[in-house]
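Structural overview
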Amino acid sequence: MNKKFDPTVMNKMNGFADGPDFEYSMGQDMADELWAHRKNDEKKMGKQEFFCYYVNTQLGLRGNCIGVKILK
């Protein structure tokens, strides 16, 4: 199944997240790997937008990621 990018998915007002806003901490290795393997419309996003999108759509966490801190 190939999903099209939907920039509204990160918007709490659109009903995506049912928990609090949060900032996610991600390791440098994971961030580098994810950034290197972006596809299609993901390549048009800035780093923070992409990483928030990834956290909100792939990790299954409750809430809305509003920032990703990269840990070295």
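The structure contained in this document is the topic of the report that follows. (Residues numbered from 1 in each chain as written. Predicted model: local features only at pLDDT ≥ 70, side-chain atom pairs only at ≥ 80, totals over all residues. Heavy atoms only, no water.)

**Here we look at the overall build of the protein chain**
In terms of helices and strands, the protein chain carries two helices and two strands. Helices and strands in the protein chain line up, N terminus first, as β-α-α-β. Looking at the protein chain as a whole, 31% of its 72 residues are labelled buried. Of the contacts made within the protein chain by residues no fewer than 6 positions apart, 64% connect residues no fewer than 24 positions apart. (Helix = DSSP H or I, 4+ residues; strand = E, 2+ residues; numbered from the N terminus. Buried < 20%, exposed > 50% of the residue type's maximum accessible area, 1.4 Å probe, protein only. Contact = heavy atoms within 4.5 Å.)

**Observations regarding the side chain of Asn 56**
Among the structural elements, Asn 56 can be located in helix H2 (residues 47-58). Among the polar contacts made by the side chain of Asn 56, one reaches the main-chain amide nitrogen of Cys 65 at a distance of 2.8 Å. (Polar contact = N/O pair within 3.5 Å; in protein donor to acceptor, adjacent residues only side chain to side chain.)

**Section: the nonpolar core**
Counting 13 residues, the largest nonpolar core has Met 26, Leu 34, Phe 50, Phe 51, Val 55, Cys 65 and Val 68 as the members making the most contacts within it. Listing elements by their share of this core, those giving two or more residues are strand E1 (21-27), helix H1 (28-36), H2 and strand E2 (64-71). At six residues, H2 tops the list of elements feeding residues into this core. Apart from the residues within four sequence positions on either side, Cys 65 is in contact with Phe 22, Tyr 24, Cys 52, Val 55 and Asn 56. (Core = buried A, V, L, I, M, F, W, Y, C linked by side-chain atoms within 4.5 Å.)

**A look at the side chain of Asn 64**
Among the secondary structure elements, Asn 64 is positioned in strand E2. A distance of 3.4 Å separates a polar atom in the side chain of Asn 64 from a polar atom in the side chain of Asn 56.

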